[in-house]
Amino acid sequence: SKQQDSTTPSWKKVDYAGVYKDIAALLEDENYDDGSYGPVFLRLAWHASGTYDCKSHTGGSSGCTIRHAPESEHDANAGLEVARRRLEPLKKKHPNISYGDLYTLAGVVAVQELGGPTVKWRPGRVDKQAVECTPDGRLPDAAQGADHVRDIFYRMGFGDQEIAALVGAHALGRCHTDRSGYDGPWNASPTAFTNFFYTELLDNTWVPKKWTGPMQFVDKQSGAFMMLPADMAFKTDPRFRAYVERYARDQDAFFADFANAFAKLLELGVSFPEDAPLYRFKTLD
Ligand code: CCH
């Protein structure tokens, strides 16, 4: 009835399995990048969430302030309008879903449909207005090293093992000179979720790229693959490196640890309704 409709919270009126399928249908496009929007959806979910500060309990995916200026225009978020634009028709089709739920679910779909682990996910984020945008500087700076990476992720409430697992997402996608200024993919299969970030990091000799762009590394042998200065910290820092060696040897361990850390990332700072169900979505195939 009408009465029931007006008292039911909007998050309960959404068919989340249906949204999952609709997002999955948007992944492939042979004319975009390496043929998939998955990597940029994953980056959108991470940047929507990674602004969390565990001391002030501000930021995170809950209010989805990443879609508003000035946060949308922070340097770290350059290029993410590509993902937001691609997802926008789904907000029209499923008007009761919050943007925070839509963008985080897009990250889950990307990981799962590109061959990664099942990621537990809950709905119930409530969008906020532009005045609640987080300040610039909460996301990691790729030009820096281990101390900076720790400062940023400890602020979110993560430990070294979780940080080392999360950065394995750099098996997917690529850097774009017109977004971050960096250039190139991390490996030869940027649309498959694998443990290749770790194997490539350890197996190659990485040398500074000879160009006028920002300082980054390329593999000495082919020059086709890249590492950011911040990525190299996972090879040179002994505590990070111990996890990198484990994940390079054992893809199952990486998948399990990534799934936990990524589910935690997507929930940072969110107060879920008590009756929000926990979903484990099936992949399309
Ligand atoms: Fe990342 N990432 N990321 N990253 N990232 C970039 C691209 C992707 C850093 C910097 C960059 C995570 C952690 C870090 C993805 C997922 C994750 C780019 C290139 C930079 C720079 C952007 C461009 O030019 O398009 C730094 C620094 C850190 C940590 O210190 C974490 C954590 C995740 C997810 C769990 C994905 C995916 C991409 C590819 C995006 C694309 O469009 O292909």
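Each remark here, short or long, concerns the structure printed above.
Computed from a predicted structure; not experimentally measured.

A. How the structure looks around the overall build of the protein chain. Counting its regular elements, the protein chain contains 11 helices and five strands. Taking the principal axes of the C-alpha coordinates as reference, the protein chain spans close to 65 × 40 × 35 Å. The proportion of buried residues among the 285 residues of the protein chain is 55%. Within the protein chain, residue pairs in contact and separated by at least 24 positions form 72% of the contacts whose partners lie at least 6 positions apart.

B. Representation of the site of the ligand in the model. Taken together, 23 residues are adjacent to the ligand, and His170, Gly173, Arg174, His176 and Ser180 come closest. At 3.2 Å, a side-chain N or O of tryptophan 46 approaches a nitrogen atom of the ligand. Between the ligand and histidine 170, the relevant distance is 2.9 Å, taken from a nitrogen atom to a side-chain nitrogen or oxygen of the residue. For the shell around the ligand, the secondary structure elements donating two or more residues are helix 3 (38-49), helix 6 (146-156) and strand 1 (174-175). Here the shell around the ligand takes five residues from helix 3, the largest share from any one element. Partitioning the shell around the ligand into residue classes produces 16 nonpolar, four polar and three charged. Residues from two domains meet in the shell around the ligand; each of domain 1 (2-138 + 262-267) and domain 2 (146-260) gives at least three.

C. Here's a closer look at helix 2 (residues 16-25). Helix 2 sits mainly inside the fold: seven of its 10 residues count as buried. Those residues of helix 2 not exposed but buried are Tyr16, Gly18, Val19, Tyr20, Asp22, Ile23 and Ala24. Considering only its buried residues, helix 2 is in contact with helix 3, helix 4 (81-93) and helix 5 (99-113).

D. Up close: the side chain of threonine 65. Positionally, threonine 65 belongs in the loop between helix 3 and helix 4. Setting aside its immediate chain neighbours within four residues, threonine 65 contacts Glu71, Lys128, Gln129, Glu132, Cys133 and Thr134.

E. Geometry of the side chain of aspartate 22. Counting through the fold element by element, aspartate 22 comes out in helix 2. Within polar-contact distance, the side chain of aspartate 22 engages the side chain of histidine 94 at 2.7 Å. Look past the residues within four positions of aspartate 22 in its chain and what remains in contact with it is Leu90, Lys93 and His94.

F. How the structure looks around the packing of aromatic side chains. Evaluated as defined, the whole model comprises 22 aromatic pairs. Seen from their ring centres, phenylalanine 193 and phenylalanine 254 are 5.6 Å apart, and the 5 degrees between their planes marks the pair as stacked. Here phenylalanine 193, found in the loop between strand 2 (184-185) and helix 8 (196-203), pairs with phenylalanine 254, found in helix 11 (residues 251-267); they are 61 residues apart in sequence, far enough to count as distant. Owing to a relative accessible area of 0%, phenylalanine 254 belongs among the buried residues under this scheme. Taken together, the aromatic side chains of Phe193, Phe197, Tyr198, Tyr247, Phe254, Phe255, Phe258 and Phe262 make up a single cluster linked through ring pairs. The cationic tip of arginine 150 hangs over the ring face of phenylalanine 240; the distance from NZ or CZ to the ring centre is 4.1 Å. Here lysine 209 stacks its cationic end above the ring of tryptophan 211, 4.9 Å away from the centre of that ring.

About the criteria used
- Residues numbered from 1 in each chain as written.
- Predicted model: local features only at pLDDT ≥ 70, side-chain atom pairs only at ≥ 80, totals over all residues.
- Heavy atoms only, no water.
- Helix = DSSP H or I, 4+ residues; strand = E, 2+ residues; numbered from the N terminus.
- Buried < 20%, exposed > 50% of the residue type's maximum accessible area, 1.4 Å probe, protein only.
- Contact = heavy atoms within 4.5 Å.
- Near = heavy atom within 4 Å.
- Polar contact = N/O pair within 3.5 Å; in protein donor to acceptor, adjacent residues only side chain to side chain.
- Nonpolar A, V, L, I, M, F, W, Y, C, P; charged D, E, K, R; others polar.
- Domains from an automatic or database assignment.
- Phe/Tyr/Trp six-rings, centres within 6.5 Å; stacked < 30°, edge-to-face > 60°.
- Lys NZ or Arg CZ within 6 Å of the ring centre and 35° of its normal.

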